[in-house]
Amino acid sequence: MNRSSTLFVQLVYYSSLIILFQMGWALTQISHLSIIPDLSESPRHRAELTALRYTASVFANILVYVIAWLFLHGSNSSSIRMDLIGPQHSLQFRKIALVCSFVGVVASILFYCLLQVRRTSSGGKHSDQTSTTPLTRTIKSTEQNGTTPSLSMFRTSSNTSVYIQMFKCSMLYKVSILYTTSRLFLTISLIYVPIYINEYYSGTDSSIVASVPLASFLASLAASLSLKSFQSCAPSSLWRNNQFLFVLGSLAGLAGCVIILWTPFNADQQVLNVYAAAICFGLGSSVTMVISLCSTANLVGSDTQYGAFIYSTVTFSDKLLNGVAVILIEYLRCESKELCPTYYRQVLSYVNGALSIIGIVILFTLPKRLLASH
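Residues numbered from 1 in each chain as written. Predicted model: local features only at pLDDT ≥ 70, side-chain atom pairs only at ≥ 80, totals over all residues. Heavy atoms only, no water.

**Considering the packing of aromatic side chains**
Each aromatic ring pair is summarised here by two numbers: the centre-to-centre distance and the angle between the ring planes.
Part 1 of the argument: Across all of its chains, the model carries 5 aromatic pairs by this definition.
Part 2 of the argument: Arranged with centres 5.4 Å apart and planes meeting at 25 degrees, the rings of Tyr 192 and Tyr 344 form a pair that is stacked. Of this pair, Tyr 192 sits in helix α6 (residues 170-200) while Tyr 344 sits in helix α12 (residues 343-363), placing them 152 residues apart in sequence. Across the pair, Tyr 344 and Tyr 192 agree in class, each one buried. (Phe/Tyr/Trp six-rings, centres within 6.5 Å; stacked < 30°, edge-to-face > 60°. Helix = DSSP H or I, 4+ residues; strand = E, 2+ residues; numbered from the N terminus. Buried < 20%, exposed > 50% of the residue type's maximum accessible area, 1.4 Å probe, protein only.)

**Focus on the UniProt feature "transmembrane region" (unreviewed entry) in the protein chain**
Part 1 of the argument: Under the UniProt annotation, "transmembrane region" (unreviewed entry) lies at residues 12-30, 51-72, 92-115, 176-197, 209-230, 242-262, 274-294 and 349-366.
Part 2 of the argument: Each end of residues 51-72 is marked by a C-alpha atom, and these two atoms are 31 Å apart; helix forms 100% of the span and strand 0%. (UniProt positions renumbered as here; feature names shortened; annotations may be inferred.)

**Points about the packing of α6 against helix α9 (residues 242-262)**
Part 1 of the argument: For the pair α6 and α9, interaxial distance at closest approach is 13 Å and the crossing angle is 25 degrees. When the axes of α6 and α9 are compared, the pair comes out roughly parallel. For the pair α6 and α9, the sense of crossing is left-handed. On the side of α6, the interface is formed by Leu 178, Ser 182, Phe 185 and Tyr 196, while α9 contributes Phe 246, Gly 253, Cys 257 and Ile 260. (Axes fitted to C-alpha atoms, helices over the stretch in contact; angles between N-to-C directions. Parallel < 35°, antiparallel > 145°, perpendicular 65-115°, else oblique. Left-handed = near helix turned anticlockwise from the far one by under 90°. Contact = heavy atoms within 4.5 Å.)

**Some words on the packing of α9 against helix α10 (residues 270-300)**
Part 1 of the argument: At a minimum axis separation of 7 Å, α9 and α10 run at an interaxial angle of 155 degrees. One element, α9, and the other, α10, form an angle in the roughly antiparallel class. Once α9 is placed against α10, the crossing between them reads as left-handed. Of the residues in α10, those touching α9 at Asn 242, Leu 245, Phe 246, Gly 249, Ser 250, Ala 252, Gly 253, Ala 255, Gly 256, Cys 257, Ile 259 and Ile 260 are Asn 273, Ala 276, Ala 277, Cys 280, Phe 281, Gly 284, Val 287, Thr 288, Ile 291 and Cys 294.
Part 2 of the argument: Looking at the contact of α9 with α10 residue by residue, the classes come out as 14 nonpolar, 8 polar and no charged. (Nonpolar A, V, L, I, M, F, W, Y, C, P; charged D, E, K, R; others polar.)

Written out as structure tokens, the structure reads:
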């Protein structure tokens, strides 16, 4: 078998594995998110569950980081650098994958055995209601009045017609954009912060490639853990408002973008600035992700039978645009680093900054009830 055939076989093999993994991940994620509206009809409780869920996901990321460090630490006598990770570490990565898979299987078994979800015979308490006005008039009036367009407004005799009508609801697309901007901000930060450090860091301590993402994860964990306490103890209703918290998280992300943009190379404070930017990215992405998921849960409302459809639509736009964005960023990259010496700095600054601004703009077009926290 020649080299081209071998590469083609590897492409098919690894692509198939990635496709299977992404399908399994999507099914698990959508089902898990759809359970939140079933567990409680209170926006406050849903917000708490969403924050706890995101906290657990951040903790899982940190756990994977620790497991990888345990297996890779000491596998090479040199310090940690990206160019020291290669095919010679295939055995370690196999062990990492097996351990992480085992932890995931145990968590899934505990989830299905311990969690009890209430069921309703009709799938929602508004299942017998029908719309008495045209859909376009209903959407227009609900947007003008600042109320949440309940999915019960869109019911007809056919379930297929319900889904078609929901696709015509502008709120669905606005919530999708809100979630996608938050998720894409997180994705770009996770992917390009280590690359930025590896290419532009002028110091000699190469362990910063690993410690900076860890700092971002820890900041995300702290933000998601404190979100519930912050909303409960805040002295004013303004501080408890999800709209205000989303803006606050977006401003934290923008602060990280500014720090990256204004950090000069070969500067003594470069390390501190990179850590500060990573912490801002972690804080901002955590808050905006939780609030956007809370808005999705509020859009579902009491019509939990459509929860999977709403979450699948929102997460589909996220996965599609995330993939397109990363491909586009890499396509626009110069072939030679000398031609674009600050490319990844600009990606982290301008792209993430634009995403934060877009999220804020979309936020103020949403009805207040979609952002209710109690």
